[in-house]
Amino acid sequence: MPKMKVPSAVKLARYQPNTTRKQSKKGQNATNDISAEAIVTMLKDTYQKNKNDTYARWIKKYMREQFEFYGLKSPQRRSLSSEELTISAKFDQAATIKLLELLWREDYRDMQMFGVDLATENKRVLAGNTASQSLKGLMCIRNLIITKSWWDTVDMLASGVVGHLVSQYPDKLNCTMDEWILDSNMWIRRTAILHQLGYKKQTNQEQLFRYCLTCCHEKEFFIQKAIGWALRTYYRDNPAAVKDFCKKNKDKLATLSYKEALKHDK
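Residues numbered from 1 in each chain as written. Predicted model: local features only at pLDDT ≥ 70, side-chain atom pairs only at ≥ 80, totals over all residues. Heavy atoms only, no water.

A. Spotlight on the state of the cysteines. In this structure the tally under the stated criterion is 0 disulfides. Among the cysteines around Cys 246, which has no disulfide bond, Cys 212 carries the closest sulfur, lying 8.2 Å off. (Disulfide = S-S within 2.5 Å.)

This is the structure we're talking about:
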């Protein structure tokens, strides 16, 4: 991610409600009173001014016509909205959740992608200081996963945010993952399978293998792919365990899952 720039006092002043403006000793507007609504407006204005219609048409087609786009590639989008991310990275849990909810109401996918960056940046804020606060953050992310669902947002939220939240209070939140793996929503099940992608040697092997077997009968491509991806990732840290698991369950695993899991096996 590009290095964040210091927010421009002039730019912030245009969006900061007059009733909440505060002056610093130097006469500059403080940034901690910027509202979630103001952040959304700032983003929309910035993205609209830099819209690329050609790329927008291409990426909309690539994403199966599901979303509207401003046509900003990730590096450009992150650079353009670095000020907004700097501000919102200082939000508390309540403000972060409110902003995420607002971003997911927007039609343009670029807004949700900013939300993914925000959730990742503020994952410690979403986790809070207690298991109940972390569960609150987790339920917020669940709502985002089941809203405007597609792999571009779901996968990054799964590994970058859900995994972190669960890891902070595994004794309390692993039971939530046990519920998610049985959920009727496919994207929630996929998230449960993928949430340990960043755990490496800390991966709960029993949980990973159990989740894979729970869903291995499914014909859904995104589930079969997730199983293979999760196993392939864990293979880097424990190849023997993954090979043994795949060998013992070859008749149960989908061909796609099996091949993906052992993709790097020699």
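B. Just the packing of helix α6 (residues 93-103) against helix α7 (residues 109-121), in detail. Two numbers describe how α6 lies on α7: the axes approach to 9 Å, and their chain directions differ by 160°. The orientation of α6 with respect to α7, classified from their angle, is roughly antiparallel. For α6 against α7, the interelement crossing comes out left-handed. Contacts between α6 and α7 involve Thr 96, Leu 99, Leu 100 and Leu 103 from the former and Met 111, Gln 112, Phe 114, Gly 115, Leu 118 and Ala 119 from the latter. Of the residues belonging to the contact of α6 with α7, the class tally is 7 nonpolar, 3 polar and no charged. (Axes fitted to C-alpha atoms, helices over the stretch in contact; angles between N-to-C directions. Helix = DSSP H or I, 4+ residues; strand = E, 2+ residues; numbered from the N terminus. Parallel < 35°, antiparallel > 145°, perpendicular 65-115°, else oblique. Left-handed = near helix turned anticlockwise from the far one by under 90°. Contact = heavy atoms within 4.5 Å. Nonpolar A, V, L, I, M, F, W, Y, C, P; charged D, E, K, R; others polar.)

C. Quick look at helix α15 (residues 239-248). Here α15 has its buried residues at Ala 241, Val 242, Phe 245 and Cys 246. For α15, the angular spread of buried residues about the axis comes to 125°, placing them on one side. Structural note: α15 exposes Ala 240, Lys 247 and Lys 248 on the side pointing more than 90 degrees away from its buried face. In this structure, the buried residues of α15 make contact with α13 (205-215), α14 (221-235) and α16 (255-261). (Buried < 20%, exposed > 50% of the residue type's maximum accessible area, 1.4 Å probe, protein only. Arc of directions from axis to C-beta.)

D. Structural context of the packing of aromatic side chains. Under the counting rule described, the total for this entry stands at 11 aromatic pairs. Residues Phe 67 and Phe 69 carry aromatic rings whose centres are separated by 6.5 Å and whose planes lie at 85° to one another, so their mutual orientation is edge-to-face. An identical accessibility class is assigned to Phe 67 and Phe 69; each is buried. A centroid spacing of 4.0 Å and a plane angle of 15° characterise the contact between Tyr 70 and Tyr 108, whose relative ring orientation is stacked. Taken as a pair, Tyr 70 in the loop between α3 (53-62) and α4 (74-80) and Tyr 108 in the loop between α6 and α7 lie far apart in primary sequence, 38 residues in all. Residue Tyr 108 is classed as partly exposed on the basis of its relative accessible area of 22%. Cluster of aromatic residues (ring-pair linked, three or more members): Trp 150, Trp 187, Phe 221 and Phe 222. (Phe/Tyr/Trp six-rings, centres within 6.5 Å; stacked < 30°, edge-to-face > 60°.)

E. Region of the structure containing the side chain of Arg 190. Structurally, Arg 190 can be placed in helix α12 (residues 186-194). Here the side chain of Arg 190 touches Phe 222 through a polar contact of 2.5 Å, landing on its backbone oxygen. (Polar contact = N/O pair within 3.5 Å; in protein donor to acceptor, adjacent residues only side chain to side chain.)

F. The arrangement of the pattern of salt bridges in detail. The full count for this structure, using the stated rule, is 16 salt bridges. Among the salt bridges present, the one from Glu 206 reaches Arg 210, with a minimum N-O distance of 2.7 Å. Of this pair, Glu 206 and Arg 210 both sit in helix α13, 4 residues apart, which is roughly one turn of that helix. Accessibility expressed as a relative area gives 45% for Glu 206, which makes it partly exposed. Judged by relative accessible area, which is 32%, Arg 210 ranks as partly exposed. Across the salt bridge formed by Arg 232 and Glu 260, the nearest N and O atoms sit 2.5 Å from each other. Note that Arg 232 is positioned in helix α14 and Glu 260 in helix α16, a separation of 28 residues in sequence. With relative accessibility at 13%, the residue Arg 232 sits in the buried group. The class of Glu 260 is buried, set by a relative accessible area of 12%. (Salt bridge = Lys/Arg side-chain N within 4 Å of Asp/Glu carboxyl O.)

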